[in-house]
Structures are given as structure tokens and as C-alpha cells.
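As a plain string of letters, each chain reads:
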Amino acid sequence: MALPELIPVEDLLRPPERAGASISPDGTRLAFLAPWKNRLNVWIEDLEPGAEPRCVTADEVRTVQDYRWTDDPRWLLYLQDDGGDENWHVFRVDLDSPGAAAVDLTPFPGARVVDLQLPAERPGTAILQLVGRVGISIELVEIDIATGELTPLSEASGEGAWHYVGDGTLLVDRMTPAGDVEIFQTSIEGGEPRLVTTFDGRDYPLGVYPFVVTPDRGGIWVGSNRGTDRTRLARIDLATGEETEVDSHPVFDLDVRAQVFTKLPPPLIRHRGTGELLGVRYLGQRQVVHALDPHFAEVLPRLEELSDGDLSAISHDREGRRWVVSFSHDRDPGVTWFYDHETGESRMLFRPQPHLDPDALSPTTPITITARDGLELPSYLTLPVGVEPSRLPMVLVVHGGPWTRDVWGGDRSVQLFANRGYAVLQVNFRGSTGFGKAHVQAAIGEFAGAMHDDLIDAVDWAIDQGYADPERIGIFGGSYGGYATLVGVTFTPDRFAAAVEYVGVSNLATVMRSFPEFAKPGLGPNWYRYVGDPADPEQEADMIARSPISRVDEIRTPLMVVQGANDVRVPKAESDQIVEALHARGVDVDYLLFEDEGHFIINPENLETMFRATDRFFAEHLGGRADAAPRRAA
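Described in the following lines is the structure provided in the data block. Small disclaimer: the values here were computed from a predicted structure and weren't measured.

What counts and how
- Residues numbered from 1 in each chain as written.
- Predicted model: local features only at pLDDT ≥ 70, side-chain atom pairs only at ≥ 80, totals over all residues.
- Heavy atoms only, no water.
- Salt bridge = Lys/Arg side-chain N within 4 Å of Asp/Glu carboxyl O.
- Buried < 20%, exposed > 50% of the residue type's maximum accessible area, 1.4 Å probe, protein only.
- Helix = DSSP H or I, 4+ residues; strand = E, 2+ residues; numbered from the N terminus.
- Polar contact = N/O pair within 3.5 Å; in protein donor to acceptor, adjacent residues only side chain to side chain.
- Contact = heavy atoms within 4.5 Å.
- Pairing = 2+ DSSP bridges.
- Axes fitted to C-alpha atoms, helices over the stretch in contact; angles between N-to-C directions.

### Some remarks on the pattern of salt bridges
In total, this model carries 47 salt bridges according to the counting rule given. A salt bridge links Asp 229 to Arg 230, with the nearest nitrogen and oxygen atoms 4.0 Å apart. Asp 229 sits in the partly exposed class, given a relative accessible area of 28%. A residue is classified by how much of its surface remains accessible, and Arg 230, at 24% relative accessible area, is partly exposed. Across the salt bridge formed by Glu 540 and Arg 513, the nearest N and O atoms sit 2.8 Å from each other. Remark: Arg 513 occurs in helix α7 (residues 508–513) and Glu 540 occurs in helix α9 (residues 537–545); sequence separation between them is 27 residues. Look at Glu 540 and you get partly exposed, because its relative accessible area is 21%. The network of salt bridges with common partners includes Glu 10, Glu 608, Arg 612 and Asp 627.

### Let's talk about the side chain of His 439
Tracing the backbone through its elements, the reader meets His 439 in helix α4 (residues 437–441). Take His 439: its relative accessible area is 5%, and that puts it in the buried class. From its side chain, His 439 meets the backbone oxygen of Phe 429 in a polar contact 3.2 Å long. Beyond its immediate chain neighbours, meaning those up to four positions away, His 439 contacts Leu 375, Glu 376, Leu 377, Pro 378, Asn 428, Phe 429, Arg 430, Gly 431 and Ser 432.

### Some points on the sheet that holds strand β9 (residues 112–117)
Pairing is antiparallel in the open sheet, where four strands are placed in the order β9-β10-β11-β12. On the outer flanks of this sheet lie β9 and β12 (150–152), each paired with one strand and no other. Pairs of neighbouring strands in the sheet enclose a mean axial angle of 30°, with direction left out of account.

Listed below in C-alpha cells is the structure:
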């Protein structure tokens, strides 16, 4: 048996020809992302076959990742930051004036939009949670989309996040010193807030999510795990504080990944015009969607039969007749379809990367690995196509967070490694979300402890099953995954033959001190509880002991470090200090620094540079194969 034809790095990482499609509210047009001057920008076209698309944004510096239709067919909104600094601004595009420059509706230096809503009951307006317009405070503001006029709806506060209810009513969720989440109701005019309910912060490391005001304005839909290990959908009555279950799955949690990565689809599928609940997403090792609306119950099976992947982005016209959907998939990610429920017509609109043959890519198989203490670790194994899966070099890919998770399908780095002949293993170690709160809470106090043991146990499983060669194990990860990679080469230096980490934490104490000021009040249920408080000398000492920087002398694994200079989550200093410590020992370390990136490496030429270097690095140290073609000019 032989490996499939080697796919060049530039082909695997090429920007999609099209992606991120969404149908207009009137059902006549399609918006999507496509390259313009080597950056993804927003394009518009009529939905009728053969229509000519036109580009409506003109960002030459950084890819556009998030856009929104408004209720007015003239206006479209998109969000953009500056070089990855995550200070998101909202820009308005005039679709009736081709070539007109986009208008920044939030032109406040250093400010950041952390939430954008387009409430149906307030046509022509956008409601934003905005940080940094007034110091480090969070405020709720309303913007007239046509004029740009901004109206504050709340006071500027550093104590919580604001939510618009309607009819002059607001909600604010605040964290107590103990880390609990209290939800208050108040008025735009001010007055004494009224406590609605309290959630035990120990069960919500990232806060309560989703948090959606119901269309009748009398309640909120929330993800709740009160009285159960699993997160279900509940309704909180704003008048009484009473919680009632709306929907649940017997085994799976709500799919809450969008709480961390906002470009992912939210767990609640809602009607575009009314806001009513159509369906709910649950995610185990694959996705399950529950239809809660009779019309959507008819539509859902017609959508699901379009692909054997998992439903991802879903959009529809106001009447619920015309639908545009995309799918997560291990070998054909992002395939996008149009469906007309009235006529039964369906047609594939596009595959984002039509130059890639799905049959040449590697299937990803859900598996379950048992940790040494008996905890089940839902995981994914991807094996190269065309070779005997025996004693292969292997790359352990570790997700970030840690309060997020790996999922089935669509990871380009996984496909790159598998195409090079590596087995690829992804592990939802303890602390990963989506598998019940006990799975998350098993990580308390276990950074560089049982969380790392889970990864080692998974490696041992792959070796015992005969998939992996114990002498050729690599590790790759970003953010928390970068920290885990550094832990791997400092706490277990004999287990890995090569390591690549990007935007990884080297010192738990210094990274926590560097978090943005507006984020620090929310650290109680997550970083402080799971890792420690660096203001406490005893806890700080423990944090440093669990930090790779304290064990630099143990590193003998070949190491590559990748960093974005504008990263506000894991600052450049975290990479600098580990690299400088190794240089002080006379140890070589490959260090890639991107001056125009932040926590996520986005620009195509930088992604290509990063993965071409990773490709060659692993080939050199793990004995795989690499794309030897020279890097293209930017």
C-alpha cells in the first residue's frame, strides 16, 4: 500500500473560493465570503443560477470573518479588527452604492464590540455591547444603522454585561466575589435593579450561555445544568425567576462552542423575523438537532439529507421557504446547499475548495479512550489513506481553551498531517466542554497534572493499539494547546520526538496578569478556580511550578514556537521568555513571529509560512514526508 499523492501546503491552505454563505431576508440574494486581493471579503449575488457576483467590501489588510444582513436591503454590516488585536469595530456597507467606502459605526480608538444584535422589534438599529469607549467599562448602546447615531442604553459599568429586553427594560449579569452569576432586571431610566436569579458559578466556567431574550420579552433562554450533569435549554421567567426546561438531550450537552468562537453557529436555531425558537443543537462526538417548531420539523430532514456531514450555518428567508445551509465534514467541509421547501428544489451552491478531492482526504473516526483514573475521553483518530495503520509516526493535536473542545471534521491541519503519512489523534481531555460538567470540573487544579496525563494516556492507547510508533510521536497545539505542548516537552521530555506550539502559555502567572482589564472580573469561575490567583503568593508559586518556564532545563525535544505580535490573549512575552531561556542554554529553537497577526493566524501567506515550516519540521524529526516546493511569493 502507498500513501496518496502529496497535496501541497498551498493547496490545503488555499483560501476558499467561497465560504460563509447566508441568504438575504427577502430570499432573493446570497452573501458569501470570497477572495479579493488575497483576503476574504463579502460578495453579493442574486440567487438565480448564472447571476454575476460583486464584491461589496474592500479590505486588503485582513480577512473579513463576520458579516450580517440587516432588515433594510440597502445595508450590510461586518466586523473587523486591526491586525488581530480583537478590538472589533462594526462597519456599514451601502449595497445601493457600489464602490462606496465602508463606514465605521464604532470609530472609538481602543474600543471593542463584544456582542452585536439586530432586534426585530427595533428595525433599522443595531444594539451592541461595547467595551472601551468609556474607560474599561462595558456599556449597551443602540446605533441607527443609516445615520450612525449612537444612543447609550445603559450606564458604563465594569461589573457585568448588559442585555436588551425591550420596552425600556434591560438585564445585567454580574459576577459575585464568590464567582456566582447574578442576573438583574433594570430600566434604561435607571432605578434599583431587581434580582431575577442566581447561577452557581462553579458550574459555568465561562458564564451562562446561551443567554437569549425570548420573543415575548417575558423570559430568557439559557443553557442550564442545574440539578444535572448535562447542559439543557431552559427558560427563566423574568417576573418570578422560575426555571423550566424547554428541551434536552439524554446524553449530549448543548453545542456551546460559539461562546468561544463566535463565527461558529449558535446552539439555538431561531426564526429570522420573529426570533421564535425553531431548533436546538446538541453535540456529542457528532451533532444532533432537535426541531421544536412544526414547520422546521418538516424542513430539517430535507436539509440533513443533502450531506452526510453535520449541519453548520443555517439561514432562511423571512417566510421560512428558502434555505441556505452548510455542513461540517471530515473530508468535504463547508459544502453549501440551497433548498426551497415550497418547490422541493435543492442544488449545491459550492464547495469551498473544489480543487481538493474528498476521496484523497482522510476520514476522521470518533473513538473513546479511558484515562488511568477511569474517566472516558471522547476523541478522534484520523489515519492516512492508503497505508497500513501500523506503527505510524503520529501527531497529537491538542485543542485550545481549555474550555472548548475538539469536534468531528474540517480541520485542515489534521488533513495536512494525515496526508504526510501521520496518524493524528485529538483528545477531549478533562476540562473540555460539551461532555457534562463533571468532565469539565475534573480539571480543577490539574493543569500540568491529570489534564496532561489524559494526553499521555491517549498516546499510550494509540501505541498499544498498534497505530503509533512510540519513537515518532509529535505534539502540536495552540493557546492552551500550546501550553500543553510546552508541558509535554518539559514535564514528559522523553515522550515526544518533535513539538510545535503556537501562541502558547509558558508562565501561568504572567499570562493571567496580562489579561485585558475588562476581562479580569470574569476570571473567578475559570482561571482562578482551575489554576489559581497570582496575587496569592502560595497559589502563584504553585502556578509557576505548573508552568513550562520553570522546567526549561528539561527541554530536549526539537521545538518550534509560533506567535502573533498583536496577541491580546497570550501576549508575545509568553513566547519570548521560553525562547530566550532556551537560547540562554545554547539550545536552538525555531521561532516564527508574525507582526500582523494576533491570537489566530489568519492571513493566507502567514498560514502557508507557518504550516510549510511545520511540515518540514515534523518531516525532519518524525520521519514523515514534506512538501518540498518553495513558498510562493505573497
